Structures are given as C-alpha cells and as structure tokens.
Protein chains: 2
Amino acid sequence: MDTSLKSTLHRRGLRMTPQRQLVLDAVRELGHATPEQICTQVQRAAPAVNITTVYRTLDLLEELRLVRHTHLGHGAPTYSERAHEHVHLVCHHCGAVSEAPTALMDELADRLREREDFELDVTHVALSGRCATCREADLKASQELGEKEARA
Amino acid sequence: MDTSLKSTLHRRGLRMTPQRQLVLDAVRELGHATPEQICTQVQRAAPAVNITTVYRTLDLLEELRLVRHTHLGHGAPTYSERAHEHVHLVCHHCGAVSEAPTALMDELADRLREREDFELDVTHVALSGRCATCREADLKASQELGEKEARA
DNA sequence: TTACATGCAAAGGGTTTGCATAACT
DNA sequence: AGTTATGCAAACCCTTTGCATGTAA
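Residues numbered from 1 in each chain as written. Chains lettered and ligands numbered in written order. Predicted model: local features only at pLDDT ≥ 70, side-chain atom pairs only at ≥ 80, totals over all residues. Heavy atoms only, no water.

Draft legend 1. View of the protein's contact with DNA strand C. Inspection of the region around DNA strand C gives 20 residues, with Tyr-55 and Pro-77 of chain A together with Thr-17, Arg-20 and Thr-53 of chain B positioned closest. Backbone atoms, meaning sugar and phosphate, form 62% of the atoms of DNA strand C found within 4 Å of the protein. The side chain of Glu-36 of chain A places a nitrogen or oxygen atom 3.2 Å from a phosphate oxygen of DNA strand C. The contact in question runs from a base nitrogen of DNA strand C to an N or O atom on the side chain of Arg-56 of chain B, over 2.8 Å. Looking at the surface near DNA strand C residue by residue, the class counts come to seven nonpolar, seven polar and six charged. (Near = heavy atom within 4 Å. Polar contact = N/O pair within 3.5 Å; in protein donor to acceptor, adjacent residues only side chain to side chain. Nonpolar A, V, L, I, M, F, W, Y, C, P; charged D, E, K, R; others polar.)

Draft legend 2. Spotlight on the pairing of strand 3 (residues 87-91) of chain B. Residues and elements named next belong to chain B. Of all five residues that make up strand 3, five are buried, and the element is covered over most of its length. Alternating residues of strand 3 divide into Val-87, Leu-89 and Cys-91 and His-88 and Val-90, and every residue in both groups is buried. Both strand 3 and strand 4 (residues 97-100) contribute to a ladder of four bridges, which runs antiparallel. The residue of strand 4 that forms the bridge with His-88 is Glu-99. Counting the residues in the hairpin turn of strand 3 and strand 4 gives five residues, including Gly-95, whose phi is positive at 85°. Alignment of strand 3 against strand 6 (residues 127-130), held across three bridges, turns out to be parallel. Residue Cys-91 lies in a different strand from strand 6, and its bridge partner there is Gly-129. (Buried < 20%, exposed > 50% of the residue type's maximum accessible area, 1.4 Å probe, protein only. Helix = DSSP H or I, 4+ residues; strand = E, 2+ residues; numbered from the N terminus. Pairing = 2+ DSSP bridges.)

Draft legend 3. Seen up close, unusual backbone geometry. At Asp-117 of chain A, a residue that is not glycine, the phi angle is positive and equals roughly 55°. Backbone geometry places Arg-65 of chain B, a non-glycine residue, at a positive phi of 60°. Within the secondary structure layout, Arg-65 of chain B lies in the loop between helix 4 (51-63) and strand 1 (67-70). The class of Arg-65 of chain B is exposed, set by a relative accessible area of 56%.

Draft legend 4. Representation of the protein's contact with DNA strand D within the structure. Taken together, 20 residues are adjacent to DNA strand D, and Thr-17, Arg-20 and Thr-53 of chain A together with Tyr-55 and Pro-77 of chain B come closest. Across the atoms of DNA strand D situated within 4 Å of the protein, the share located in sugar and phosphate is 62%. In this structure, a phosphate oxygen belonging to DNA strand D sits 2.8 Å away from a side-chain N or O atom of Thr-53 of chain A. In the environment of DNA strand D, a phosphate oxygen lies 3.3 Å from a nitrogen or oxygen atom belonging to the side chain of Glu-36 of chain B. Where the surface near DNA strand D is concerned, the elements lending two or more residues are helix 2 (18-30) and helix 4 (51-63) of chain A together with helix 3 (35-45) and helix 4 of chain B. Class assignment for the residues of the surface near DNA strand D results in seven nonpolar, seven polar and six charged.

Draft legend 5. Broad picture of helix 3 (residues 35-45) of chain A. All names here are of chain A. Taken together, the buried positions of helix 3 are Pro-35, Ile-38, Cys-39, Gln-41 and Val-42. Taken around the axis of helix 3, the buried residues stretch over an arc of 165°, which confines them to a single face. Away from its buried face by more than 90 degrees, helix 3 exposes Glu-36 and Arg-44. (Arc of directions from axis to C-beta.)

Draft legend 6. Quick look at the nonpolar core. Formed by 30 residues in total, the largest nonpolar core has its most connected members in Leu-108, Leu-120 and Leu-127 of chain A together with Leu-108, Leu-120 and Leu-127 of chain B. Mapped onto this core, the elements with two or more residues apiece are strand 3 (87-91) and helix 5 (106-116) of chain A together with strand 3 and helix 5 (106-116) of chain B. With residues up to four places along the chain from it excluded, the contact list for Leu-127 of chain B reads Leu-108, Leu-112, Phe-118, Leu-120 and Leu-127 of chain A together with Val-87, His-88, Leu-89, Val-90 and Met-105 of chain B. (Core = buried A, V, L, I, M, F, W, Y, C linked by side-chain atoms within 4.5 Å. Contact = heavy atoms within 4.5 Å.)

Draft legend 7. Representation of the state of the cysteines in the model. With the rule as written, the count across this model stands at zero disulfides over all chains. Residue Cys-131 of chain B stays outside any disulfide, its sulfur separated by 3.7 Å from that of Cys-91 of chain B, the closest cysteine. (Disulfide = S-S within 2.5 Å.)

Draft legend 8. Representation of the UniProt feature "binding site: Zn(2+)" (unreviewed entry) in chain A within the structure. Residues and elements named next belong to chain A. UniProt tags Cys-91, Cys-94, Cys-131 and Cys-134 as "binding site: Zn(2+)" (unreviewed entry). Despite a sequence span of 44 residues, these residues sit close together in the fold, their greatest C-alpha distance being 8.2 Å. Mapped onto the elements of the fold, Cys-134 is located in helix 6 (residues 132-151). Filtering out sequence-adjacent residues up to four positions away, Cys-134 remains in contact with Cys-91, His-93 and Cys-94. (UniProt positions renumbered as here; feature names shortened; annotations may be inferred.)

Draft legend 9. Just the interface of chain A and chain B, in detail. Listed as interface residues are 36 residues of chain A and, on the opposing side, 36 residues of chain B. Roughly 3,100 Å² of surface becomes buried between chain A and chain B when both sides are summed, with 63% attributable to carbon and sulfur atoms. Interface area lost by chain A to chain B is led by Leu-104, Phe-118 and Arg-135 of chain A, which between them contribute 20%. Our count for the chain A to chain B interface comes out at six salt bridges. Residues Asp-117 of chain A and Arg-135 of chain B are paired through a salt bridge, measuring 3.1 Å at the closest nitrogen-oxygen approach. (Buried area = accessible area lost by both parts, 1.4 Å probe. Salt bridge = Lys/Arg side-chain N within 4 Å of Asp/Glu carboxyl O.)

What follows is the structure in structure tokens.
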C-alpha cells in the first residue's frame, strides 16, 4: 500500500496541493509550532497562502494522523509530526518547552488503566512545572536572601 | 494570624467586597468551572456583576493561593479551590472530566525531578485520554464490526 | 481626598464559518 | 459539469485594557 500523502489523500477523494505539502513541510521543519508560526514559515515560500488554509490543512493532516497537536497551557496549541512522540515539559515560570521520552509515563499510564480505567494519551497535553534553569535561579535567590538576613 | 479572605486582603491594602466573596463562593460551589460559568453563578445572586470583575477576581484569588486554574485542553480553563488538589483526567472523545488522586503522579514527579531536573506541578494541566465509558463503547463497536464481517 | 474596585465598551489574540472564485477530474 | 480547495472577510469565543464612575478607609 502506498502511504505517501498524495495517495492517502487520493484514496479519500481529496487532492494533493502545493499548500498541503508546504504546511506538512513546515510542521516537520519547525518541530513544535503554532498555526501562526507555521503560516509564517509557509508564506516564505508562498506568500499568498492564507492562515485559514493552514488551519484547515492542520485539521486534515491530524485526521490523517500525520501530525498531532499539543496544548502547552495558555495560548495556541503547537503542532508536530506524529512520528516524533515525546512528552512536553513546560516551565510555567519562563515558558521554556522541553521534551522527554514517553517511556517516563509508562508506569503512570499502567496505573491509570488499572485504577481509573483511563487510557492515557501521553502526547496531547503538556506537563507543567519548573525547569532546571528556573529552579537554580530560585535556589540562588533564596541563598542570597539567607545571606542578607544573616548580615542584618 | 488571621487567614480569612478579608484580613488577607487587608494586609495587602486591598478590600473585601461582595463581588469577591461571591466569586470565591461560586468557585467552591461549582467545583471546577470556567470563568463564564462562574460569572453565571455569581449573577444569580447579583445580576449586575460583570465578567471583567470575575476575571480580575479570579486572578487575585489565584495570587492569594485560594484558587488555581487548570487547562483541560481546548477552550477556557477551569478554576477550583486550591485545597482540593487532584489530577484532572479529560476524555478527548466525549469531553468528560474526572478527578484522580495526585498520589498517582508521585513516581512520575520523582523521575522528572531526577532525570529531567523538572519540578512537576501536578494540578495545572490535565491528562488527556479515553475514559472508561468511551473505551467500552469502542470495544462494543469493534465487536459488532467483527460480527458483521464474519457474516459477510 | 486618596487609593482601590467596579462596570462598560472597545480592542486583542486565536479560530471558525460563509461565500465567491479558482483549480482540478 | 461537478466536486474539491483556496482566499477573503466577517463572525466567533475568550480575555485584557482604558477609562469614567463609584465606594470605602
């Protein structure tokens, strides 16, 4: 079975277009990007492409399971290739997004299945917390505060 | 130390108002609710209250650590009492939201701290997946499909 | 009499929809 | 010809901001 985008579309009576290829390319190049970022990237090659088309194409590519979107918290979701599976870690202090292997979630997924009868989708929602850099900064700040109080 | 809302506000040079009490009451009554739902609830007691005030009050109550908000995926976040700590499980098929004990996440939190140097905030983001009801429906549907194919 | 709080209207980001046009098959 | 795809504008939801008015210390 031919699994190229073109034939996948054709099997559904849909057509391959330059726009669709460009959106898919942009998702692949950008890693995890918002619709707006994807649109900007696409427009570098084809300035006339409208953001509406980007939204429609992302929905389509998601249906075709070529991409997925993740909610990082506030604001627009980000889209990435389906093949690149990972957990997103978002620092809600500085906003930094990092990626971790999904294997980290295996045990949680098992427990949720057993105890809550819930089948976890590891990639759809990001985990929120405080990143290494901000934790270091916190530590330093509290040390300085300690010294200041010791002096006083 | 007096920890009532009124004195907490007073210590910051802020005032207690009927609106602020009503918003806090609504959050407590509704469990996890969007700003709009909270506004509707508040307006049952005081119809003139504006949604702007609800947003401002929710921000304030969050700063005071009396409430927290959680992103369930699409759409508006939901607010709940800070004291009610739990993990949110959202079914991305039917939209149902359930709650699970945060203890489920303890091991994941430990691993993230060790391996990724990331301090997880368990409550801020919901976990996404497929709930028990939808999983049963899936199972039933695939069984029926199997029977149909067997007949054909 | 000064600071804080509210309501209202308007603007802002992100997304969807309606519709006419254009491009395929 | 008939369907699918696009661009454009308008509408939509959710949230924030500016400003005038109101209210409490």
